[in-house]
Amino acid sequence: AQSVTQLDSHVSVSEGTPVLLRCNYSSSYSPSLFWYVQHPNKGLQLLLKYTSAATLVKGINGFEAEFKKSETSFHLTKPSAHMSDAAEYFCVVSASAITGRRALTFGSGTRLQVQP
Amino acid sequence: EPEVTQTPSHQVTQMGQEVILRCVPISNHLYFYWYRQILGQKVEFLVSFYNNEISEKSEIFDDQFSVERPDGSNFTLKIRSTKLEDSAMYFCASSEEITSTDTQYFGPGTRLTVL
């Protein structure tokens, strides 16, 4: 069984300041972990994914995430927020690398607001 | 850049009616998925489809639901007799076959409202 907890439902930052979106996971297997972003009226877009290679993963638009097995965390960060980063962010876990099952398990989402 | 597309963007139906939600996956992808998100709840996996058959399904995906690839481009989700609790955003996704950790690419969703 696997699950994801996103610790903040809403995060508000000022433009140009750092972003931290927190995610903890639970998995019976070594997981694959993803962050997806959803802008209004758009599909879910992959930001980055971790699949047991380097623990620091760089994604698109300056985002990165660090896999910490000891803390069962996969927090998403960005050094400097941009207005266009305002969106809903989903942390997602999969056990597919071990089980072959492709179903993704989603967190509840974090809405990021960026203030001018 | 190739995209997954879904139609319609919003569907309103009466309880008990059948609905068909349509998706066009990315053209060289071989795995197809449906997920749903009830308002205020998490995105939930419904079903995956490969080689013209269901490869995985969740407990949500009961006999009321069916999926089909009627031609070389479309992938559909049918709900036979809609219930109020089927109101949700339905997302289609597709991925390549190469490894099980292939990225799933999502469409923009169809909002289904059952009255």
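Placed above this text is the structure.
Right, let's walk through the structure included here. (Residues numbered from 1 in each chain as written. Chains lettered and ligands numbered in written order. Predicted model: local features only at pLDDT ≥ 70, side-chain atom pairs only at ≥ 80, totals over all residues. Heavy atoms only, no water.)

## Things to note about the interface of chain A and chain B
Put simply, the rule reads: Note on definitions: a residue-residue contact is assigned when non-hydrogen atoms from the two residues lie within 4.5 Å. Two parts placed together each lose some accessible area under a 1.4 Å probe, and the buried area is that loss summed for both. Salt bridge, as used here: a side-chain nitrogen of Lys or Arg that lies within 4 Å of a carboxyl oxygen of Asp or Glu. Here a helix means four or more residues in a row that DSSP labels H or I, a strand means two or more in a row labelled E, and each is numbered from the N terminus. Following the grouping adopted for this structure description, the nonpolar residues are Ala, Val, Leu, Ile, Met, Phe, Trp, Tyr, Cys and Pro, the charged ones are Asp, Glu, Lys and Arg, and the polar ones are all others, Gly among them.
The partner chain B presents 21 residues to the 23 residues of chain A that form the contact. For the pair chain A and chain B, the summed buried surface comes to about 1,800 Å²; carbon and sulfur atoms form 53% of the total. Where chain A touches chain B, the interface holds zero salt bridges. Contributions of two or more residues to the side of chain A that touches chain B are made by strand E5 (32-38), strand E6 (44-50) and helix H1 (96-99) of chain A. Per element, the largest residue contribution to the side of chain A that touches chain B is four residues, and it comes from E5(A). Split by residue class, the side of chain A that touches chain B holds ten nonpolar, nine polar and four charged.

## Observations regarding the environment of A:Lys69
For A:Lys69, the location among the structural elements is in the loop between strand E8 (64-68) and strand E9 (73-78). Spatially, the C-alpha atom of A:Lys69 lies 9.8 Å from that of A:Pro31, the residues being 38 residues apart in sequence.

## Focus: the packing of aromatic side chains
Residues and elements named next belong to chain A. Here is the rule: Aromatic pairing here means that ring centres of Phe, Tyr or Trp (its six-membered ring) are within 6.5 Å. Orientation follows from the plane angle: under 30 degrees is stacked, over 60 is edge-to-face, and everything else is tilted.
This structure, assessed with the given rule, holds 19 aromatic pairs over all chains. Measuring from centroid to centroid gives 6.4 Å for Tyr50 and Phe74, while their planes differ by 50°, and the two rings are tilted. You can see Tyr50 sitting in strand E6 and its partner Phe74 sitting in strand E9, a full 24 residues away along the chain. Relative to Tyr89, the ring of Phe63 has its centre 5.6 Å away and its plane inclined at 45°; by these criteria the two rings are tilted.

## What to know about the pattern of salt bridges
Residues and elements named next belong to chain A. A complete count under the given rule lists five salt bridges over all chains for this structure. Note that Asp8 is salt-bridged to Arg22, the shortest N-O span being 3.0 Å. Note that Asp8 is positioned in the loop between strand E1 (2-6) and strand E2 (10-14) and Arg22 in the loop between strand E3 (19-21) and strand E4 (23-27), a separation of 14 residues in sequence.

## Overview of the pairing of E9(A)
Residues and elements named next belong to chain A. Heads up, the condition is: Any two strands with at least two DSSP-identified bridges between them are counted as paired.
The sheet contact formed by E3 and E9 spans three bridges and is antiparallel. Opposite Leu20, over in E9, you have Thr77 as the bridge partner. Direction of pairing for E8 relative to E9: antiparallel, over a ladder of five bridges. From the neighbouring strand, Glu66 faces E9, where its bridge partner is His75. The antiparallel pairing of E8 with E9 creates a hairpin that spans four residues between the two strands, and Thr72 there sits at a positive phi of about 45°.

## Overview of the state of the cysteines
Formally: Sulfur atoms of two cysteines make up a disulfide when they are within 2.5 Å. Here the term buried applies to any residue with accessible area under 20% of the maximum for its type, exposed to any over 50%, and partly exposed to those in between, with areas from a 1.4 Å probe on protein chains only.
Within the structure shown, the criterion is met by two disulfides over all chains. Through a disulfide, A:Cys23 is tied to A:Cys91; the S-S separation comes to 2.0 Å. With the S-S bond torsion at -65°, the cross-link from A:Cys23 to A:Cys91 turns out left-handed. Separated by 68 residues along the polypeptide, A:Cys23 in strand E4 and A:Cys91 in strand E10 (residues 87-94) bring together distant segments of the chain. Exposure class is identical for A:Cys23 and A:Cys91. Each is buried. Paired through a disulfide, B:Cys23 and B:Cys92 show a sulfur-sulfur distance of 1.9 Å. Judged by the torsion about the S-S bond (-65°), the B:Cys23/B:Cys92 disulfide is left-handed. Of this pair, B:Cys23 sits in strand E3 (residues 19-24) while B:Cys92 sits in strand E9 (residues 88-95), placing them 69 residues apart in sequence. An identical accessibility class is assigned to B:Cys23 and B:Cys92; each is buried.

## Describing the nonpolar core
This is how it is decided: Residue types Ala, Val, Leu, Ile, Met, Phe, Trp, Tyr and Cys, when buried and joined through side-chain atoms within 4.5 Å, form a set referred to as a nonpolar core.
A:Trp35, A:Leu48, A:Phe74, A:Leu76 and A:Tyr89 are the most contacted members of the largest nonpolar core, which has 26 residues in total. Ranked by the residues each element gives to this core, the list is headed by E10(A), at four residues. Within the second largest apolar cluster, 23 residues are counted, among which are B:Phe49, B:Ala88, B:Tyr90 and B:Leu112.

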